[in-house]
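# Examination of the molecular architecture
Given next are the chains, with one letter for each unit.
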Amino acid sequence: MSEDQWTKIDTYTSSLMVEHDAALDLAAKASAEAGLPEIAVAPNQGKFLHLLARTHGARRILEIGAFGGYSAIWLARALPEGGTLTTLEAEPSFAAVARRNIDNAGLSDVVDLRVGKALDTLPELVGEPFDFVFIDADKANIPEYFGWALKLTRPGSVIVVDNVVLDGLVVEADSPNPAVQGVRRFNQLVADEPRVTATTVQTVGSRGHDGFCLMLVES
């Protein structure tokens, strides 16, 4: 099956199950017009994150990698009354696009967007634990982000890490690609970490061949 077929299936199922939304459409358009690469989650993946967070009843959500704010909108809309989303973005130009998109969606009162390298801003968040963490940032530093996710959560929290298959390259142990090596180090850390139980699911669709790792913090 080709990537074209995967995209057709995504388009078909999303047309039935992902409601048309002007704010999300505008966020995608604004990101493209600002020159951001097309690497945000697809609409069906955004709704998947939304449903995960709602099912979990997450009141405090952390996102590492705001990009253009598309996934932040999905996650923020999953919050119950009084809930908050903290989203981190290293690139100021991306953060500016994300802020406009979040404001346009009417979510600026529940979203705390912080600009700066995540490894610099994450220490500022120590305190009340997060219920749900979504990591979608540079893959070379995924092991470090995972370490911080463990520090900032509690038993019962959920951690989701995106892009852990990398078009199948993750199996190449000798790859010189820093992203591949970062994900491989992360995978080993998860396998060795007694505080979480996890699984990785491959995905195919309009964003190609990739996957996510889903973890439950147990202790």
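See the structure above.
To keep things clear, this report deals only with the structure shown in the data block. (Residues numbered from 1 in each chain as written. Predicted model: local features only at pLDDT ≥ 70, side-chain atom pairs only at ≥ 80, totals over all residues. Heavy atoms only, no water.)

### Observations concerning the overall build of the chain
- Of the regular secondary structure elements, the chain holds 8 helices and 7 strands.
- On C-alpha atoms alone, the chain measures out to a radius of gyration of 17 Å, which is about the 17 Å that the 2.2 N^0.38 rule sets for 219 residues.
- Reported as C-alpha extents along the three principal axes, the dimensions of the chain are approximately 45 × 45 × 30 Å.
- Residue pairs at least 24 apart in sequence account for 71% of intrachain contacts in the chain once pairs closer than 6 positions are excluded.
- Working note: accessible area of the chain is about 10700 Å², and carbon and sulfur atoms make up 54% of it.
- The positive charge centre, built from 18 side chains, and the negative charge centre, built from 30, are 4 Å apart in the chain. (Helix = DSSP H or I, 4+ residues; strand = E, 2+ residues; numbered from the N terminus. Rg over C-alpha atoms; globule rule 2.2 N^0.38 Å. Contact = heavy atoms within 4.5 Å. Areas by Shrake-Rupley, 256 points an atom, 1.4 Å probe, with all protein chains shown as cover. Lys, Arg positive; Asp, Glu negative; His and termini not counted. Charge placed at Lys NZ, Arg CZ, Asp CG, Glu CD.)

### Observations concerning the packing of aromatic side chains
- On inspection of all chains with the given rule, the structure shows 3 aromatic pairs.
- The side chain of Arg 60 reaches across the aromatic face of Phe 130, ending 4.2 Å from its centre. (Phe/Tyr/Trp six-rings, centres within 6.5 Å; stacked < 30°, edge-to-face > 60°. Lys NZ or Arg CZ within 6 Å of the ring centre and 35° of its normal.)

### Thoughts on the packing of helix α2 (residues 22-33) against helix α5 (residues 92-104)
- Axis separation between α2 and α5 bottoms out at 9 Å; the angle between their running directions is 160 degrees. Here α2 lies roughly antiparallel to α5, going by the angle between them. Seen from above, α2 lies across α5 with right-handed handedness. Residues Ala 23, Leu 26, Ala 27, Ala 30 and Ser 31 of α2 pack against Val 97, Asn 101 and Asn 104 of α5.
- Classifying every residue of the contact of α2 with α5 by side-chain character gives 5 nonpolar, 3 polar and no charged. (Axes fitted to C-alpha atoms, helices over the stretch in contact; angles between N-to-C directions. Parallel < 35°, antiparallel > 145°, perpendicular 65-115°, else oblique. Left-handed = near helix turned anticlockwise from the far one by under 90°. Nonpolar A, V, L, I, M, F, W, Y, C, P; charged D, E, K, R; others polar.)

### Here we look at the sheet that holds strand β5 (residues 158-162)
- Within the open sheet, the 7 strands sit side by side as β3-β2-β1-β4-β5-β7-β6. Their pairing is mixed. The outermost strands of the open sheet, each flanked by one partner alone, are β3 (111-115) and β6 (196-205). Strand-to-strand twist in this sheet, taken as the mean axis angle between neighbours without regard to direction, amounts to 15 degrees.
- Summarising the sheet, β6 and strand β7 (residues 208-217) pair through 10 bridges and their orientation is antiparallel. (Pairing = 2+ DSSP bridges.)

### Remarks on the environment of Gln 202
- In this fold, Gln 202 is placed in strand β6.
- Separated by 37 residues in sequence, Gln 202 and Val 165 have C-alpha atoms that sit 6.8 Å apart.
- If sequence neighbours within four positions are ignored, Gln 202 has contacts with Val 165, His 209, Asp 210 and Gly 211.
- Within the local environment of Gln 202, its side chain forms a polar contact with the side chain of His 209, the two groups lying 2.7 Å apart. (Polar contact = N/O pair within 3.5 Å; in protein donor to acceptor, adjacent residues only side chain to side chain.)

### As for the pattern of salt bridges
- In total, this model carries 11 salt bridges according to the counting rule given.
- In this structure, Lys 47 engages Glu 19 in a salt bridge whose closest nitrogen and oxygen atoms are separated by 3.0 Å. Linking Lys 47 in helix α3 (residues 43-56) with Glu 19 in the loop between α1 (3-17) and α2, this pair joins segments that are 28 residues apart in sequence.
- Given a relative accessible area of 17%, Lys 47 falls into the buried group.
- Glu 124 is paired through a salt bridge with Arg 114; the nearest N and O atoms lie 3.2 Å apart. (Salt bridge = Lys/Arg side-chain N within 4 Å of Asp/Glu carboxyl O. Buried < 20%, exposed > 50% of the residue type's maximum accessible area, 1.4 Å probe, protein only.)

### A look at the environment of Gly 211
- Along the chain, Gly 211 falls in strand β7.
- The spatial distance from the C-alpha of Gly 211 to the C-alpha of Arg 60 is 24 Å, given a sequence separation of 151 residues.
- Not counting chain neighbours up to four residues away, the residues in contact with Gly 211 comprise Val 161, Asp 162, Asn 163, Val 164, Val 165, Val 201, Gln 202 and Thr 203.

### Re α3
- Taking 1.5 Å per residue as the helical rise, α3 with its 14 residues ought to reach 20 Å, and the 20 Å between its terminal C-alpha atoms agrees with that figure.
- Contact partners of the buried residues in α3: α1, β1 (60-64), α4 (70-76), β4 (132-135) and β5. (Expected span 1.5 Å × (residues − 1).)

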